[in-house]
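Structural overview for review
So the chains spell out like this:
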Amino acid sequence: MEYRSDAIDRAGAVASCACAVHCLLCALLPGVLGAVGLGAVLGHEAEWGLTLVAVVFASTALWLGWRRHRSWSVVVALSVGVAGLLLSRLLEEAGGPMVGTALGILAGAVLVVGHVWNLRASRRCQAECT
């Protein structure tokens, strides 16, 4: 169980970081991305895709982590991160791109922190909880 949970948290941290970096690059360098042939990453499909991948990893890590160590700080961090990502997408769709982008970057960072905390709590619990 520990291996699967660790792998999910590592992949989730990477997905969350990729989501945050994507938001940052799309906000700061949209012309450059289009010029180098990466204009597709500016589309709503790519943004929703990255968001949903990050949400799936966070939800799975949350469920596995809660079953193992029951850390409320992990629950709060991952839940706030998921809610923030979804809200950022909705804000961008509604026409508030700057607020949505800033929230997306922040939510991605919160998810990375939540995954790291989940890894630490799982490792701590490996010795204490079993």
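Above this text you will find the structure in question.
1. Regarding a nonpolar patch on the surface
Where nonpolar side chains cluster on the molecular surface, the patch consists of Val21, Leu24, Leu25, Leu28, Leu29, Val32, Val36 and Leu38 and spans about 680 Å² of accessible area. At 4 residues, the largest contribution of residues to the nonpolar patch is made by helix H1 (residues 2-28). Mapped onto the secondary structure, leucine 24 falls in helix H1.

2. Considering the pattern of salt bridges
Under the counting rule described, the total for this entry stands at 4 salt bridges. The shortest N-O distance in the salt bridge between glutamate 47 and arginine 89 comes to 2.7 Å. Placement of glutamate 47 in helix H3 (residues 44-69) and of arginine 89 in helix H4 (residues 72-93) is noted, with a sequence separation of 42 residues between them. Overall, the relative accessible area of 3% leaves arginine 89 in the buried class. In this structure, arginine 89 and glutamate 92 form a salt bridge, with 2.6 Å as the shortest nitrogen-oxygen distance. With a gap of 3 residues between them, arginine 89 and glutamate 92 both fall in helix H4, about one helical turn apart. In this structure, arginine 89 and glutamate 92 share a single accessibility class: buried. One network of salt bridges, in which partners are shared, links Glu47, Arg89, Glu92 and Glu93.

3. Quick look at the environment of alanine 107
Along the polypeptide, alanine 107 turns up in helix H5 (residues 97-128). Taking the C-alpha atoms as reference points, alanine 107 and alanine 121, 14 residues apart in sequence, are found 21 Å from one another. In contact with alanine 107, other than residues within four places in its own chain, are Gly81, Gly84 and Leu85.

4. Notes on unusual backbone geometry
Located in the positive-phi region is arginine 70, a residue other than glycine, with phi close to 55°. By secondary structure assignment, the location of arginine 70 is in the loop between H3 and H4.

5. Quick notes on the packing of aromatic side chains
Overall, the coordinates contain 1 aromatic pair when judged by the stated rule. Arranged with centres 4.8 Å apart and planes meeting at 65°, the rings of tryptophan 66 and tryptophan 72 form a pair that is edge-to-face. Note on tryptophan 66: relative accessible area 26%, which makes it partly exposed. Across from the ring centre of tryptophan 63, 4.6 Å away, lies the NZ or CZ of arginine 67, which sits over that ring.

Cut-offs used in this document
Residues numbered from 1 in each chain as written. Predicted model: local features only at pLDDT ≥ 70, side-chain atom pairs only at ≥ 80, totals over all residues. Heavy atoms only, no water. Patch = residues over 30% accessible without salt bridge, like charges linked within 9 Å, V, L, I, M, F, W, Y side chains within 5 Å. Areas by Shrake-Rupley, 256 points an atom, 1.4 Å probe, with all protein chains shown as cover. Salt bridge = Lys/Arg side-chain N within 4 Å of Asp/Glu carboxyl O. Helix = DSSP H or I, 4+ residues; strand = E, 2+ residues; numbered from the N terminus. Buried < 20%, exposed > 50% of the residue type's maximum accessible area, 1.4 Å probe, protein only. Contact = heavy atoms within 4.5 Å. Phe/Tyr/Trp six-rings, centres within 6.5 Å; stacked < 30°, edge-to-face > 60°. Lys NZ or Arg CZ within 6 Å of the ring centre and 35° of its normal.

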